[in-house]
Each structure stands twice: as structure tokens, then as C-alpha cells.
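Listed below, chain by chain, are the residues.
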Amino acid sequence: MFSALYYTLMLLLGFAWYKLGQNLLRKGYRDENDERVEGFVGPVGFLVAAGVGCYLLFALLRALFQGQVPCIGKACRMQVYTLAANAGEYWANTFFLAWMVLGLGYALYVTWKIWFRA
């Protein structure tokens, strides 16, 4: 039951993130208060998010090709979940990595589109 609630909340969070990005893209150059529309991140945040996104993408690809993923979080330091021994934890951490890569990638996409509007 906890897993179903977790994945449902992750999907709802992803939908809210998508709708927020679409609202930013739909606004145009200025919002209703005549202030310039900004993206999710600024220039330094863009570089940091790109770096973190690349690292997480590398970790996701490594997890998919090797069949093992390091545990994400404070409670399980240096623990590695393998697909053969811990399938549930492996897929949960892999899903979390994929979700973070998609979320950061979408934030970078929206920011890029706002910066380089025609």
C-alpha cells in the first residue's frame, strides 16, 4: 500500500511540474504584472542543474546496464541493490533516478525555451 501511495504521489508531482512548465511557456514575454517571465533556474542554476542531471543520467544508465544501483538516501550508506537479490529496491531507486532526470531535463528545456524565444 505504501508503494502505491508513493508512486501515485510521484506521478501527481510530475503532472504538477509539467503543468507549471506549460503555464510558464504560455505566458509570453511578460506576465499579468508586466514583469519579465523567468524560467525555472537562472544561468548558474542552469549549469548546476545540467551537471546534476548528467550525473544522474550516468548513474541511471550504469544501473540499467550493470543491474545494480547504489541506495539513495541517508539511511543506507554505501549499500548497493542488485536486480537479482533486491528487485523491489532496485526498481524503486531506478525509478527515482529516472524521475529526477526527467524532472531536471524538463526544467532545463522550459528555461531554454524561455531564454531563446523568437
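Being a predicted model, the structure only gives us computed values, none of them experimental. (Residues numbered from 1 in each chain as written. Predicted model: local features only at pLDDT ≥ 70, side-chain atom pairs only at ≥ 80, totals over all residues. Heavy atoms only, no water.)

**Q** Which residues make up the confidence of the model for the protein chain, and what are the values?
**A** In this model, the protein chain carries an average pLDDT of 86, and 97% of its residues clear a pLDDT of 70 or more. Least confident of the elements in the protein chain is strand β2 (residues 80-82), whose mean pLDDT is 81; most confident is helix α2 (residues 43-66), at 92. (pLDDT = per-residue confidence, 0-100. Helix = DSSP H or I, 4+ residues; strand = E, 2+ residues; numbered from the N terminus.)

**Q** Tell me what's going on with the packing of aromatic side chains, and back it up with residues and numbers.
**A** If you walk through the whole model with that rule in mind, you get 10 aromatic pairs. Taking the centre distance of 5.1 Å and the plane angle of 45° together, the rings of F46 and W115 count as tilted. Pair noted here: F46 is in helix α2 and W115 is in helix α3 (residues 87-115), with a separation of 69 residues, a long-range link. The exposure class of W115 is partly exposed, given its relative accessible area of 35%. Plain terms: the ring middles of F95 and W99 are 5.5 Å apart, the flat faces sit at 25° to each other, and that makes the pair stacked. With a gap of four residues between them, F95 and W99 both fall in helix α3, about one helical turn apart. We classify F95 as partly exposed; its relative accessible area is 24%. Aromatic ring contacts, followed pair by pair, group Y6, Y7, F95 and W99 into a single cluster. (Phe/Tyr/Trp six-rings, centres within 6.5 Å; stacked < 30°, edge-to-face > 60°. Buried < 20%, exposed > 50% of the residue type's maximum accessible area, 1.4 Å probe, protein only.)

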